[in-house]
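A look at the structure
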Amino acid sequence: MRQIRICLGSSCYSRGNNVHLEVIRKYIAENHLDAEITFSGHLCEELCSEGPVLRIDDKIYKGVTFSGLFRILEEEFSNKH
Ligand code: FES
């Protein structure tokens, strides 16, 4: 089971993760990945200055942008289609 964890601390949330949250939800649904990915939120972990922060398995993505997010998801999960 793969794991996506998104930071929902106030800094990351207001700087993009509020939107990224929905983008990821939609990506999982549209690609029927619900059974393969656990998606959850976590609280601030002191990386605010490098946020918005997203974790996929053991990897931390920092400074995630709306345009970069889709590329990250494709790189991580496109082989799962
Ligand atoms: S709010 Fe995300 S690391 Fe602080």
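Residues numbered from 1 in each chain as written. Predicted model: local features only at pLDDT ≥ 70, side-chain atom pairs only at ≥ 80, totals over all residues.

**A short note on helix H1 (residues 10-30)**
The test is simple: Numbering of helices and strands runs from the N terminus; a helix is a DSSP stretch of H or I covering at least four residues, while a strand is a stretch of E covering at least two. Residue count minus one, scaled by 1.5 Å, sets the expected span of a helix. Two axes enter the definition of the bend at a residue: one is fitted to the seven residues ending there, the other to the seven starting there, and the bend is the angle between them. Whether a residue is buried, exposed or partly exposed is read from the other C-beta atoms within 10 Å of its own C-beta, which are placed from the backbone; 20 or more gives buried, 12 or fewer gives exposed, and intermediate counts give partly exposed.
The end-to-end C-alpha distance of H1 is 28 Å, a good match for the 30 Å that 21 residues give at a rise of 1.5 Å each. If you look at H1, its biggest bend is around 70°, right at Gly16. Taken residue by residue, H1 has Cys12, Gly16, Asn17, His20 and Ile24 as its buried positions. Looking one or two residues past H1, His32 carries a phi angle of roughly 55°, positive in sign.

**Overview of the sheet that holds strand S2 (residues 37-42)**
We count it as follows: For two strands to be treated as a pair, DSSP must find at least two bridges joining them. For helices, the axis comes from a line fit to the C-alpha atoms of the stretch in contact; other axes are also lines fit to C-alpha atoms, and the angle between any two N-to-C directions lies between 0 and 180 degrees. A pair of residues counts as a contact when their C-beta atoms, built from backbone coordinates, are within 7 Å of each other.
Across the sheet, four strands lie side by side as S2-S1-S3-S4; this open sheet has mixed pairing. Strands with a single pairing partner mark the edges of an open sheet, and in this sheet they are S2 and strand S4 (59-61). Neighbour-to-neighbour, the strand axes of this sheet turn through a mean angle of 20°, independent of strand direction. When strand S1 (residues 2-7) meets strand S3 (residues 54-56), the two strands line up antiparallel, connected through three bridges. Across the sheet, residue Ile4 finds its bridge partner in S3, namely Ile56. On top of the sheet, H1 reaches S1, S2 and S3; it is set at about 150° to S1, its chief contact.

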